[in-house]
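# A structural walkthrough
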Amino acid sequence: MAHEHAAASGAQALSVRGLKKSYGGLAATRDVHLEIAAGQVHAIIGPNGAGKTTLLSLLSGALAADAGEIYLFGQAMHGHAEQARVAAGLVRSFQITSVFDELSVLENLQVAVQRGQHRSYGFFHASASDRLAREAALEVARRVGLEKVAHQLSSQLSHAARRRLDVGLAIACRPRVLLMDEPMAGMGHEESGDMIALIQSLKQELTVVLVEHDMDAVFALADRITVLVQGAVLATGSVDEIRANAEVKLAYLGEEETQ
Ligand SMILES: Nc1ncnc2c1ncn2[C@@H]1O[C@H](COP(=O)(O)OP(=O)(O)OP(=O)(O)O)[C@@H](O)[C@H]1O
């Protein structure tokens, strides 16, 4: 597969150059440059209001950047709408609104598979394509540990199961780079552990950009960490480099002191 080849050759999954976004007078993203290697979990951390969610929204295309370039395995994504980025393999998870409460887990996954289908099974006619979509949806349900509740209504899921469904919906779109916004939010210790294991398992297939406040999860998962402060990149490095970085410690200490 091209993606595996890319991972093996150390290719950049995502390159971000000079990305900028202001809300009125407030610069939420200031000239952000990022290089995210294929097959890695790359965490984005930073104090509240640092611009992490804004950055993910700019990458997914939910927000239009004021300036800058975004490349997915060398292919320009800037200037493309969100759906075109999804089709190219740049997919954001945890957009809770994308779950249809009145559909079962499996039906939700099937809708997501069919949305991303033109990339893979577009040449089959409708009924064969429906069957393949259902099989693919079942496979995704297994993949995220929801096979036992596959026929339950999505509205009946626990919080943790719903978050797994969010991951499943994103995987169903066959991402090459998965953007995850606080996957551990609102989870207990054990549920977080399960989510960490799930994200760890995804690394074999894709690249993950992870925004997360739970530092235990970040340190367990990340190959590289980028620290954002006031919309700008303060530092990028390995877990050990970031933990030892005096400027990073100061940025967090500064936050604690003001709270
Ligand atoms: N729609 C908006 N309009 C105006 N300002 C906004 C908007 N969204 C975010 N901001 C501001 O932009 C800055 C960055 O916000 P953002 O949500 O991206 O940060 P964050 O790092 O994700 O924060 P948190 O960790 O609290 O989720 C903050 O100062 C925030 O108040």
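What comes next is a walk through the structure. Note that the structure is predicted; figures quoted are calculated from it, not measured. (Residues numbered from 1 in each chain as written. Predicted model: local features only at pLDDT ≥ 70, side-chain atom pairs only at ≥ 80, totals over all residues. Heavy atoms only, no water.)

## Quick notes on the overall build of the protein
- What the protein contains, in helices and strands, is ten helices and ten strands.
- Looking at the protein residue by residue over its 259 residues, the buried ones come to 49%.
- Just so you have it, the protein exposes about 12,000 Å², and 51% of that area is on carbon and sulfur atoms. (Helix = DSSP H or I, 4+ residues; strand = E, 2+ residues; numbered from the N terminus. Buried < 20%, exposed > 50% of the residue type's maximum accessible area, 1.4 Å probe, protein only. Areas by Shrake-Rupley, 256 points an atom, 1.4 Å probe, with all protein chains shown as cover.)

## What about the packing of helix α6 (residues 159–172) against helix α7 (residues 189–202)?
- The geometry of α6 relative to α7 is characterised by a closest axis approach of 10 Å and an angle of 10° between their N-to-C directions. Considering their axes alone, α6 and α7 lie roughly parallel with respect to each other. Only E191, D194, M195, L198 and L202 of α7 make contact with α6, whose side of the interface consists of A160, R163, R164, V167 and I171.
- Split by residue class, the contact of α6 with α7 holds six nonpolar, no polar and four charged. (Axes fitted to C-alpha atoms, helices over the stretch in contact; angles between N-to-C directions. Parallel < 35°, antiparallel > 145°, perpendicular 65-115°, else oblique. Contact = heavy atoms within 4.5 Å. Nonpolar A, V, L, I, M, F, W, Y, C, P; charged D, E, K, R; others polar.)

## Focus: the packing of helix α4 (residues 105–115) against α6
- At their nearest, the axes of α4 and α6 sit 8 Å apart, and the two run at 30° to each other. Considered as vectors, α4 and α6 are oriented roughly parallel to each other. Between α4 and α6 lies a crossing of right-handed hand. Facing V105, N108, L109, A112 and V113 of α4, the residues of α6 in contact are L165, G168, L169 and A172.
- Tallied by class, residues from the contact of α4 with α6 come to seven nonpolar, two polar and no charged. (Left-handed = near helix turned anticlockwise from the far one by under 90°.)

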